[in-house]
Amino acid sequence: MAAVGQRRPHSPDHLQNSQALVKRQRTDDQQLIIGSVTKDGIRRTSNLLAPIMQLVGHGGEVLGMRFSPDGQTLASASADRTLLLWRTYDECENFMMLRGHKNAVLEVHWFSNGETLLSCSADKSVRCWDTEAGVQVKRLSEHTAIVNSCCPLQRGPPLFVSGGDDSRVKVWDMRSKRSIQTIEAPAPVCAVAFSAAGDQVYSAGLDNHITAWELRKGAAGLTLQGHADTITGLRVSPEGNHLLSNSMDNTLRIWDMRPYAPANRCEKVLHGHQHSFEQGLLRCDWSPDGSRVAAGSADRVVYVWDPVSGEVQYALPGHKGSVNEVVFHPKEPIVGSCSNDRTLFLGELANPSKASLEAVLADDFKMGEEGYTKKFTKAGEEGYTKKFTKADYIGLTAGVVLPAIPDFKWGHACSGDVDDDGFCIVTVQATGHHTGAPLAMPGFELPLVTTQATGHHTGAPLAMPGLEPLPPSGRHFCLAEEVQKVKVVGDKVAEIQVLPNKGAGPRALYAALGGKAPSQAAAAAAAAAPPLP
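Residues numbered from 1 in each chain as written. Predicted model: local features only at pLDDT ≥ 70, side-chain atom pairs only at ≥ 80, totals over all residues. Heavy atoms only, no water.

Undergrad: I tried to follow the overall build of the protein on my own but got confused; where do I start?
TA: Broken down by element type, the protein carries four helices and 40 strands. The buried share of the protein, taken over its 533 residues, is 51%. Within the protein, contacts between residues separated by at least 24 positions form 51% of all contacts whose residues are at least 6 apart in sequence. About 23700 Å² of surface is accessible on the protein, with carbon and sulfur atoms providing 50% of the total. (Helix = DSSP H or I, 4+ residues; strand = E, 2+ residues; numbered from the N terminus. Buried < 20%, exposed > 50% of the residue type's maximum accessible area, 1.4 Å probe, protein only. Contact = heavy atoms within 4.5 Å. Areas by Shrake-Rupley, 256 points an atom, 1.4 Å probe, with all protein chains shown as cover.)

Spelled out as structure tokens, the structure:
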């Protein structure tokens, strides 16, 4: 049963008023609520039936929960020895109960196929479930004590890991009847996680340390020290480079797990949540874009942090018992929580703030190794989209621009708020003095370029020839402002859309320093001209 409109006292304004909804008309048989406005003018950010939904149905403490990969279904695990499946949207219907465990179910996860569940229990077993048929498909009982934690590999073969009070970490393959690897940990294990690459598993527990186990060697490859008490939760970040840990020392820590990282891998220590004498296994989670982290807390509050600043973004009351797990929806700004009060809450969060986007832009357009896409358009024309990798950006900036213009600087200014798609209007302006090396613009190819209003270049790539080097002149430049729509995912730029006729790229810089660049049409004509005899 789901209670609609159960408001959390003292919740932020955007989480209040859950009953008065203005809904959009149906599209593809689904009621779209995102973007609608309540009677008090609060803009909705998700398609939940109400900004806050309370789910009631378990007969015991709810110890774990997890959204399916498509976000349509929610699975919950309870001390009542059952797993319940709920629909995320509409009335949050509880449509399936999975029975089989003989004791409390301590953790639950979805496999990447979105059809199979993984659970572990105090009955010393790990089990797999077919959620389409509603039946158990695997029962694994090699552990000799309570199994506290389990975690599937999110990409690749159907592997998963489990850890328990028998101080053993076991790696399993859905295609095998028995575990494929057993690792003896130094102490009882309370939390496990699979690395994104699948070559390591992480375990932590009563020894207050996190151990990274190399599966190929079957030995410890790295030990992370810093927590002062039992570690109860581990979660790998969406990009796989960081690990989040929750501990009974009342801290949440973010660890850099990349190869060749500094010796002190702890990047951030987050405070605010609490553990108590109950000594529950309180878990933690990353948002799908890496821009938020969350954790359970014994003070009955749901905590959400900004992992970059370390500040608490939300402290959401409402539960009447210890919050055991907090999870993020994979598609929408929704946070879910489960508690010893036998209930679950689903609540929508605000979109990322303009302030967080400005913090990213202040670092000269931070980006991941995969880079970002940039779309250029002109009024009335389709334009083209180009993928820029981090290497491209470094090659142009560090290899071409900075040697010629040592004081080259970008200026960024955000205007307006972040829209529902995560974009914000950003004005960019470049300044500097040409006092260094000669400036030469390298050649490049454009895969799809509009050459004029009545025709489009849709065939072979258009080669833009390199430009003659400009000798240093000491000339100061201040390019025309470039207006962009910028989308940030986590703390990295993911996409840039240059608004029509508002671009100011490398060739504008070349021209500002006195160079003459041929037009795209002239370049195309030159490329098509027959060679001279």
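Now that the structure has been shown, the text picks up again.
Undergrad: How should I be thinking about the confidence of the model for the protein in this particular structure?
TA: The predicted structure's coordinates, where accompanied by low pLDDT, should not be read in detail. Looking at the protein as a whole, its pLDDT mean stands at 80, while 71% of the residues score no less than 70. A low-confidence stretch, residues 3-31 stays under pLDDT 50, and its non-local contacts, those more than four residues away or across chains, total 74 contacts. (pLDDT = per-residue confidence, 0-100.)

Undergrad: Just to check I follow, could you spell out the sheet that holds strand β7 (residues 105-110) for this structure?
TA: The four strands lie next to each other as β7-β8-β9-β10, forming an open sheet whose pairing is antiparallel. Pairing within the sheet leaves two strands with one partner each, and these edge strands are β7 and β10 (135-140). Neighbour-to-neighbour, the strand axes of the sheet open up by a mean angle of 20°, direction not taken into account. The pairing of β7 with strand β8 (residues 116-121) spans five bridges and is classified as antiparallel. Along β8, the bridge assignment pairs Val-105 with Ser-121. (Pairing = 2+ DSSP bridges. Axes fitted to C-alpha atoms, helices over the stretch in contact; angles between N-to-C directions.)

Undergrad: Can you walk me through the nonpolar core in this structure?
TA: Across soluble globular proteins, nonpolar side chains have a tendency to be buried as a group. Membership of the largest hydrophobic core comes to 19 residues, with the highest contact counts inside it found for Met-53, Leu-55, Met-65, Leu-74, Leu-344 and Leu-346. If you list the elements that add at least two residues to this core, you get β2 (52-56), β3 (62-67), β5 (82-87), β28 (334-339) and β29 (343-348). Sorting elements by how many residues they give to this core places β3 first, with three residues. (Core = buried A, V, L, I, M, F, W, Y, C linked by side-chain atoms within 4.5 Å.)

Undergrad: Looking at this structure, how should I read the pattern of salt bridges?
TA: Opposite charge on two side chains allows them to pair when their charged atoms are near. Counting across every chain of the model gives 14 salt bridges. Put simply, Arg-66 and Glu-325 hold a salt bridge, and the shortest N to O gap is 3.1 Å. Here Arg-66 is found in strand β3, whereas its partner Glu-325 is found in strand β27 (residues 323-328), with 259 residues between them in sequence. For the pair shown, Arg-66 and Glu-325 are each scored as buried. (Salt bridge = Lys/Arg side-chain N within 4 Å of Asp/Glu carboxyl O.)

Undergrad: Please clarify how unusual backbone geometry should be interpreted in this entry.
TA: Most peptide bonds are trans, and most residues other than glycine sit at a negative phi. The backbone of Arg-81 shows a phi angle near 75°, a positive value even though the residue is not glycine. Mapped onto the elements, Arg-81 comes out in the loop between β4 (73-78) and β5.

Undergrad: Got a minute to help me understand the pairing of strand β19 (residues 231-236) in this structure?
TA: Put simply, side chains in a regular strand alternate between the two faces of the sheet. The element β19 is extensively covered by neighbouring structure, given that six of its six residues are classed as buried. Of the strand pairs in this sheet, β19 and strand β20 (residues 242-247) are connected by five bridges, and their pairing is antiparallel. Bridge pairing in β20 places Val-236 opposite Leu-243. Between the end of β19 and the start of β20, which pair antiparallel, lie five residues, with Gly-240 showing a positive phi angle near 85°.

Undergrad: I'm lost on the environment of Lys-409 in this one. Help?
TA: Here Lys-409 shows up in strand β32 (residues 409-415). When the C-alpha atoms of Lys-409 and Ala-430 are compared, they prove to be 5.6 Å apart, with 21 residues separating the residues in sequence. Excluding its chain neighbours within four sequence positions, the residues that come into contact with Lys-409 are Gln-429, Ala-430 and Thr-431.

Undergrad: What exactly am I supposed to notice about the environment of Arg-292 here?
TA: Note on placement: Arg-292 falls in the loop between β23 (284-286) and β24 (293-295). In this structure Arg-292 comes out as buried when scored by relative accessible area, which is 10%. In this structure, the C-alpha to C-alpha distance between Arg-292 and Phe-328, residues 36 residues apart in sequence, is 9.1 Å. Of the polar contacts made by the side chain of Arg-292, one reaches the backbone oxygen of Ala-350; its length is 2.8 Å. (Polar contact = N/O pair within 3.5 Å; in protein donor to acceptor, adjacent residues only side chain to side chain.)

Undergrad: Is there a simple way to explain the packing of aromatic side chains in this structure?
TA: This model, assessed by the stated rule, comprises three aromatic pairs. Relative to Trp-172, the ring of Phe-160 has its centre 6.2 Å away and its plane inclined at 10°; by these criteria the two rings are stacked. Of this pair, Phe-160 sits in strand β12 (residues 159-164) while Trp-172 sits in strand β13 (residues 168-173); the two residues are 12 residues apart in sequence, bridging distant segments of the chain. Between the aromatic rings of Tyr-303 and Trp-305, the centroid separation amounts to 5.9 Å while the plane-to-plane angle is 25°, which identifies the pairing as stacked. For the pair shown, Tyr-303 and Trp-305 are each scored as buried. Among the aromatic residues, those joined into a cluster by ring pairs are Phe-111, Phe-160 and Trp-172. The side chain of Arg-87 reaches across the aromatic face of Phe-95, ending 4.0 Å from its centre. (Phe/Tyr/Trp six-rings, centres within 6.5 Å; stacked < 30°, edge-to-face > 60°. Lys NZ or Arg CZ within 6 Å of the ring centre and 35° of its normal.)

Undergrad: Can you walk me through the pairing of β12 in this structure?
TA: Of all six residues making up β12, six are buried, and the element is well covered by its neighbours. The alternating pattern of β12 places Leu-159, Val-161 and Gly-163 on one face and Phe-160, Ser-162 and Gly-164 on the opposite face, and all of these are buried. Connecting strand β11 (residues 147-152) to the next strand, β12, in antiparallel fashion are six residues, including Gly-156 with a positive phi near 105°. By the bridge criterion, five bridges tie β12 to β13 in an arrangement that is antiparallel. Within β13, the position partnered with Phe-160 by the bridge is Trp-172. The turn joining β12 and β13, which pair antiparallel and follow one another in sequence, is formed by three residues; a positive phi near 60° is taken by Ser-167.

Undergrad: Help me understand the sheet that holds β23 in this model?
TA: Two orientations exist for strands paired in a sheet by backbone hydrogen bonds: parallel and antiparallel. Across the sheet, which stays open at both edges, the four strands sit in the order β23-β24-β25-β26 with antiparallel pairing between neighbours. In this open sheet, the two strands that pair with only one neighbour each are β23 and β26 (312-316). The mean inter-strand angle of the sheet, taken between neighbouring strand axes irrespective of direction, is 15°. Both β24 and strand β25 (residues 302-305) contribute to a ladder of three bridges, which runs antiparallel. From the neighbouring strand, Val-293 faces β25, where its bridge partner is Trp-305.

Undergrad: Help me understand a positive patch on the surface in this model?
TA: A contiguous patch of positive charge on the surface is contributed by Arg-81, Arg-99, Lys-102 and Arg-139. Along the polypeptide, Arg-139 turns up in strand β10. Its relative accessible area of 52% is what places Arg-139 among the exposed residues. (Patch = residues over 30% accessible without salt bridge, like charges linked within 9 Å, V, L, I, M, F, W, Y side chains within 5 Å. Lys, Arg positive; Asp, Glu negative; His and termini not counted. Charge placed at Lys NZ, Arg CZ, Asp CG, Glu CD.)

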